[in-house]
Amino acid sequence: MKASLSWLNDLLSPGGLSADAIEHALTFAGMPIESATPVAVSPAPGDTRPERDATGRIVDLTWLYVNPAFARLTGFPPAQLIGQRLLQLFPSRAGSPFFAAYIQVAETGQPTVVEHSYQGESSTSPTWFRATVVRTGENIAVLVHDITDRKQTEAALLTSEASFRALRNATAAWVWT
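Predicted model only: the values in this text are computed from it and were never measured. (Residues numbered from 1 in each chain as written. Predicted model: local features only at pLDDT ≥ 70, side-chain atom pairs only at ≥ 80, totals over all residues. Heavy atoms only, no water.)

A few points about the overall build of the protein
- What the protein contains, in helices and strands, is 6 helices and 6 strands.
- Seen in sequence order, the protein has helices and strands lined up from the N terminus as α-β-β-β-α-α-α-α-β-β-β-α.
- In the protein, buried positions account for 41% of the 177 residues.
- Sequence separation of at least 24 residues holds for 49% of the intrachain contacts in the protein that already meet a minimum separation of 6.
- Accessible area of the protein: about 9,600 Å², with a carbon and sulfur share of 56%. (Helix = DSSP H or I, 4+ residues; strand = E, 2+ residues; numbered from the N terminus. Buried < 20%, exposed > 50% of the residue type's maximum accessible area, 1.4 Å probe, protein only. Contact = heavy atoms within 4.5 Å. Areas by Shrake-Rupley, 256 points an atom, 1.4 Å probe, with all protein chains shown as cover.)

Quick look at the pattern of salt bridges
- Scanning the model with the defined rule gives 9 salt bridges in all.
- One salt bridge in this structure joins E115 and R130, with 2.6 Å as the shortest N-O distance. Of this pair, E115 sits in strand β4 (residues 112-120) while R130 sits in strand β5 (residues 123-136), and the two are 15 residues apart along the sequence.
- Note on R130: relative accessible area 14%, which makes it buried.
- When the shortest N-O distance is used, the salt bridge between E115 and K151 registers 3.4 Å. With E115 in strand β4 and K151 in helix α6 (residues 148-170), this pair connects stretches of sequence that are 36 residues apart. (Salt bridge = Lys/Arg side-chain N within 4 Å of Asp/Glu carboxyl O.)

Here we look at the packing of aromatic side chains
- This structure, assessed with the given rule, holds 2 aromatic pairs.
- Note on W63 and F90: the rings are 6.0 Å apart at their centroids and 75° apart in plane angle, and the pair reads as edge-to-face. With a gap of 27 residues between them, W63 in strand β3 (residues 58-63) and F90 in the loop between α4 (86-89) and α5 (97-108) connect regions that are remote in the sequence. Each member of the pair W63 and F90 is classed as buried.
- A ring pair is formed by F76 and F90, whose centres lie 5.8 Å apart and whose planes are at 75°; its orientation type is edge-to-face. Of this pair, F76 sits in the loop between α2 (68-74) and α3 (78-81) while F90 sits in the loop between α4 and α5, placing them 14 residues apart in sequence.
- Members of the aromatic cluster, joined through ring pairs, are W63, F76 and F90.
- The ring of F90 carries R93 above its face, with NZ or CZ at 4.3 Å from the centroid.
- Here the basic side chain of K151 rests over the ring of W128, its NZ or CZ set 4.6 Å away from the ring centre. (Phe/Tyr/Trp six-rings, centres within 6.5 Å; stacked < 30°, edge-to-face > 60°. Lys NZ or Arg CZ within 6 Å of the ring centre and 35° of its normal.)

Section: the environment of V113
- Locating V113 in the fold gives a position in strand β4.
- As a C-alpha pair, V113 and R130 span 17 residues in sequence and 6.9 Å in three-dimensional space.

A few points about the nonpolar core
- Formed by 24 residues in total, the largest nonpolar core has its most connected members in W63, L86, F98, Y102, V133, I140 and V142.
- Mapped by element, the contributors of at least two residues to this core are β3, α2, α4, α5, β4, β5 and β6 (139-146).
- The element contributing the most residues to this core is α5, with 6 residues.
- Not counting residues within four places of it along the chain, the set of residues in contact with L86 comprises D60, L61, W63, R93, F99 and Y102. (Core = buried A, V, L, I, M, F, W, Y, C linked by side-chain atoms within 4.5 Å.)

Notes on the pairing of β3
- In terms of burial, β3 is a largely internal element, 5 of the 6 residues being buried.
- With 5 bridges connecting them, strand β2 (residues 48-52) and β3 associate as antiparallel partners. Paired with T48 across the strands is W63, a residue of β3.
- Counted along the chain from β2 to the antiparallel partner β3, the turn is 5 residues long, and its residue G56 has a positive phi close to 95°. (Pairing = 2+ DSSP bridges.)

Side note on α5
- Here α5 spans 16 Å end to end across 12 residues, near enough to the 16 Å set by a 1.5 Å rise per residue.
- Among all positions of α5, only F98, F99, A101, Y102, V105 and A106 are buried. End-on view of α5: buried residues confined to an arc of 160°, all on one side of the axis.
- Positive phi appears at G109, one or two residues downstream of α5, with a value of about 80°. (Expected span 1.5 Å × (residues − 1). Arc of directions from axis to C-beta.)

Shown next as C-alpha cells:
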C-alpha cells in the first residue's frame, strides 16, 4: 500500500509527513488511498504550533513548515509563510470552521474532517475545501483537498432533480403511469 503513495514525493520534503501519517489521515477521511491526489499537505507533523494566550486558550497557529503545494493555495511562497501566524496573514479565517477544527484537534487529539467553502484573503471566489486534521504530538497536521468541482456537480444535480420534480408535479398523472 505504501507504493501507492508515490505522489507524496512531489509534495513533501525530508522530515515532512510520513507515508504512515498520510495513510492514517486518508483512511480516517474515508478516502481510497490508491486514488487520493491531494492538492496540498500542510503542515508536516510537528511544524504547526498552536499559540496560546495567558489563560492557555489557543488564539493562533504558527507555521514552522509549509510545502509548495499548500503555499500555492495561499498565494505566498513557503519562505514568507514559515514563522508567520495564520490569523495575522489571513484574519478572516478566525471564525471559520477550519480554524475551529484546528483548535478542536489541538486540544482533544481527536482527528476530524471538515468540508466548507472559503473566500477571503487568498481566494477571490468561493472555493470548497476538505481538510483532514490530525494532531502530531503538541502540533497539528492538515491534509487539504480542493473539492470545488465536486460541490458544483452536487449543486447542479440538486437543481436538476428539483426541476424534474417540479415538471413531474405540474404534469397530469396519466403522463407518468
